[in-house]
Amino acid sequence: MATYNSIGTTYGGTRRPDPRIAARIHQALGDATTVINVGAGTGSYEPSHTVLAVEPSSVMIAQRPAGSAPAVEASAEALPVAEKSVDAAMALLTVHHWSSLEAGIGELRRIARRRIVILTFDPDVNHSFWLLREYLPEAAAFDRTRAVAVDRLATLLSDARIEPVPIPHDCTDGFLAAFWRRPHAYLDPHVRAGISLFAQISDDVLQPGLARLEDDLSRGRWHERHADLLDREALDTGYRLLVADLQAPGEPSACTLKPA
């Protein structure tokens, strides 16, 4: 929560939902008619049938747009919602911030009747991203202390299916690898302020790597080294959708949300 109370002040300006990623998430939710968004932040990617958003940071909740689903300040590990309250629970780029992954997944399984959808990143792929590998290995080392192995997450969800989510070159959601073809963006403090990894690492650690990136860009070395990226429309940087079906299609489901 402390991280998002800090970065949340600028989050709405740099973390605008990308419609292509939104389409993937909404497709994964399928025919769910009631959804709870856990670790909801400012409400990115929430479908219109979201009935409740759960978010531990009051700063993030305050930035939710008018007309959003009602929000409650609470954690994933203790959801203030009754058992089997909704068709689906979604949790997007949040599980690596939870204090107890097992407790959080247990809560998602408790409240959802039919489906759980999680957007996360595979650390083995994500940490090989050029920014971390070439310029900020210290950030990658820190991230390994909080990253969640996708296989572990899939097991906790009872063999969820795993779907790669390639990131478009002009992605509007400014998460860590969103600017893979726009390297100058990482030199912008406003962009970095909306990326949780950077918010947890001191400038003293980041600046030497960023200075090397700036120098490589000014001298054309980055473009020479990564010429293969310049014509790519999308890139797999490790982001993954995990979809767990809890109920067979066609089984009846209630639609009443009841407070715990």
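Since the model is a prediction, treat every value here as computed from it, not as a measurement.

Cut-offs used in this document
Residues numbered from 1 in each chain as written. Predicted model: local features only at pLDDT ≥ 70, side-chain atom pairs only at ≥ 80, totals over all residues. Heavy atoms only, no water. Core = buried A, V, L, I, M, F, W, Y, C linked by side-chain atoms within 4.5 Å. Buried < 20%, exposed > 50% of the residue type's maximum accessible area, 1.4 Å probe, protein only. Helix = DSSP H or I, 4+ residues; strand = E, 2+ residues; numbered from the N terminus. Contact = heavy atoms within 4.5 Å. Pairing = 2+ DSSP bridges. Axes fitted to C-alpha atoms, helices over the stretch in contact; angles between N-to-C directions.

Novice: Where do I start with the nonpolar core in this structure?
Specialist: Side chains that are nonpolar tend, in soluble globular proteins, to be buried together. The biggest cluster of nonpolar side chains holds 50 residues, and the ones touching the most others in it are Ile21, Trp130, Leu131, Leu136 and Tyr239. When contributions to this core are tallied by element, the ones reaching two or more residues are helix 2 (19-29), strand 4 (86-92), strand 5 (112-121), helix 6 (130-135), helix 7 (137-144), helix 10 (196-199), helix 11 (203-218) and strand 9 (239-245). Here this core takes 5 residues from helix 2, the largest share from any one element. Apart from the residues lying within four places of it in its own chain, the contact partners of Leu131 are Leu136, Leu176, Tyr186, Phe198 and Leu213.

Novice: Looking at this structure, how should I read the sheet that holds strand 3 (residues 71-72)?
Specialist: The strands that make up a sheet pair up through hydrogen bonds in the backbone, lying either parallel or antiparallel. Read from one edge of the open sheet, 7 strands run 3-2-1-4-5-9-6, paired in mixed fashion. Edge positions in the sheet fall to strand 3 and strand 6 (161-164), since each of these pairs with one other strand and no more. The pairing of strand 1 (residues 35-38) with strand 4 spans 3 bridges and is classified as parallel. In the strand pairing of strand 4, Ile36 is matched with Ala89. Each of strand 4, strand 5, strand 6 and strand 9 is contacted by helix 2, which is oriented at about 150° to strand 5, the strand it contacts most.

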